[in-house]
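Descriptive structure summary
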Amino acid sequence: MERIVMVGASLAALRAAETLRGEGFDGSVTLVGAEAHRPYDRPPLSKKLLAGEWEPDRVALRKADAFDALDVEWCLGVAATGLDLAGRTVALADGSEVPFDGLVLACGARPKALPGVPFTEPAAAADARPLVTALRTLDDSLALRARLASGDQRVVVIGAGFIGLEVAATARGLGNDVVVLEGASAPLIRALGAEMGAAVSAFHADHGVEIRCDVRVAGVDASGVRFEPVDGVSEVVPADVVVVGIGVEPATDWLEGSGLELRDGVVCDATLAARGAPEGVPVFAAGDVARWPNELFDEEMRVEHWTNAAEQGMVAAKALLSCATGEEPGPYAPVPFFWSDQYDRRIQFLGRASADDDVQIVSGAVDDRKFLALFGREGRLRGALGLNVPKLLMPHRALLEQRISWDDALARVE
Ligand SMILES: Cc1cc2nc3c(=O)[nH]c(=O)nc-3n(C[C@H](O)[C@H](O)[C@H](O)COP(=O)(O)OP(=O)(O)OC[C@H]3O[C@@H](n4cnc5c(N)ncnc54)[C@H](O)[C@@H]3O)c2cc1C
């Protein structure tokens, strides 16, 4: 194996490239990235960078000399448009082709748009009333921060997921008026369930941010955002800025027809090898784009969080190298982890929640805005959520790895 290509030039791809070099791979490594930037960190885009506390140079994932030392070829500002597995080439938007012996798909995910609500063109972002934007890229964050900095904007966030709520907290912290509109009955329902979602609503209310749940957004125009509560009459909330945070979709459009199995992501086996690649053509996926069976949780999953992208980049690179040596790579079966910072609160979650979990607060209380909650399902501990209790939370990683029973997890706390 002499030529390894990564499609995507962000966190997962960077970690994969660093792992290849760390393991002694001295062939060529090419990172193809649709964005013009070298890999940068996305979490600050909704937090410190958006708040104006950090400047863009702080979000670079490495200093310039560390990027240079990797000795990789950067194909930036150009998207991959097609994959020929038999010919082992990736086609690029500029008409060129990049040949590979091994491929890592690390092309992440893109924000979904609301039907009938187009995003504002970047050139119009400064003056648009309202500005309608998602938040995924450095450029999105800088355009949004230019508008929020004045502190006098009426901001409507559509979607009470993590990114929407972080934007709400940051925008409010700058003094703007913020309303969040959510279609489900509670914020963060998919990630944390209804009860814990309500706990998150409570500390947004402390800061004067109203989260209106059970509403359907009907449209956006110069008067603001029109929405309909499920059991009420249509209302309009005025808006200077509208942030659409209704989720992302994996960036797999360019892989259609390649022969790879695609289903809400690149479908992989337990080692992150992409399904559908012909025998002898090593293709792995990593990060937000990868869907794989996590054997620890007996569940196929696609995870849209930082730690997963970083770890999978490393795992995919090692698995790729093991193809060359004939070794069998092991399954990737981690305890998923994420964090989210909103106001002065840090939410951290280990494991995997689902809507029908038993949820029990085992330390602290929602009213204290500080607690540890455990999530159980089918007799097993499935997750642990901490709000400003990192030391209490972290030991649960080992318990989740051990597949501890729900009863034992509760008894341990008692
Ligand atoms: C605003 C924001 C805040 C976040 N905060 C947190 C947090 O607090 N905690 C947490 O755990 N996680 C957080 N995340 C999630 C975390 O940043 C992502 O999980 C992580 O960035 C995923 O990395 P990735 O390398 O898989 O994909 P991405 O970072 O999405 O990068 C994929 C790259 O591939 C490029 N690409 C796509 N298609 C093509 C193509 N055809 N050709 C070439 N290039 C292509 C994209 O342009 C992009 O640059 C946040 C994400 C965002 C957007």
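Everything numeric here is computed off the predicted structure, so don't read it as measured data. (Residues numbered from 1 in each chain as written. Predicted model: local features only at pLDDT ≥ 70, side-chain atom pairs only at ≥ 80, totals over all residues.)

**Focus on the pairing of strand E7 (residues 102-105)**
Side chains Gly102 and Val104 of E7 all project onto a buried face; the interleaved residues Leu103 and Leu105 project onto the opposite face, where all are buried too. In terms of strand pairing, strand E1 (residues 3-7) meets E7 through four bridges, oriented parallel. Residue pairing across strands places Ile4 opposite Gly102, the latter belonging to E7. Two elements, E7 and strand E19 (residues 283-285), share three bridges in a ladder whose sense is parallel. Its bridge partner being in E19, Leu103 is matched across the sheet by Val283. (Buried ≥ 20, exposed ≤ 12 C-beta atoms within 10 Å, placed from the backbone. Helix = DSSP H or I, 4+ residues; strand = E, 2+ residues; numbered from the N terminus. Pairing = 2+ DSSP bridges.)

**As for the site of the ligand**
In the neighbourhood of the ligand, 35 residues make up the surrounding shell, with Gly8, Ser10, Arg42, Gly108 and Gly287 lying closest. Elements with a minimum of two residues in the shell around the ligand: helix H1 (11-22), strand E2 (28-33), helix H7 (306-325) and strand E22 (337-342). Residue classes in the shell around the ligand are distributed as 21 nonpolar, nine polar and five charged. (Near = placed C-beta within 6 Å. Nonpolar A, V, L, I, M, F, W, Y, C, P; charged D, E, K, R; others polar.)

**Concerning the sheet that holds strand E12 (residues 210-212)**
With parallel pairing, the five strands of this open sheet are ordered in space as E9-E16-E10-E11-E12. Edge strands, defined here as strands with exactly one partner in the open sheet, are strand E9 (131-133) and E12. Across the sheet, the mean angle from the axis of one strand to that of its neighbour is 15°, orientation sign disregarded. Note: strand E10 (residues 154-158) against strand E16 (residues 241-244), four bridges, orientation parallel. Bridged to Ile158 within E16 is Val244. Across the sheet, helix H5 (residues 162-173) touches E10, strand E11 (177-181) and E16, and the angle it forms with E11 is around 165°. (Axes fitted to C-alpha atoms, helices over the stretch in contact; angles between N-to-C directions. Contact = placed C-beta atoms within 7 Å.)

No statement about biological role is implied by the geometric values presented.
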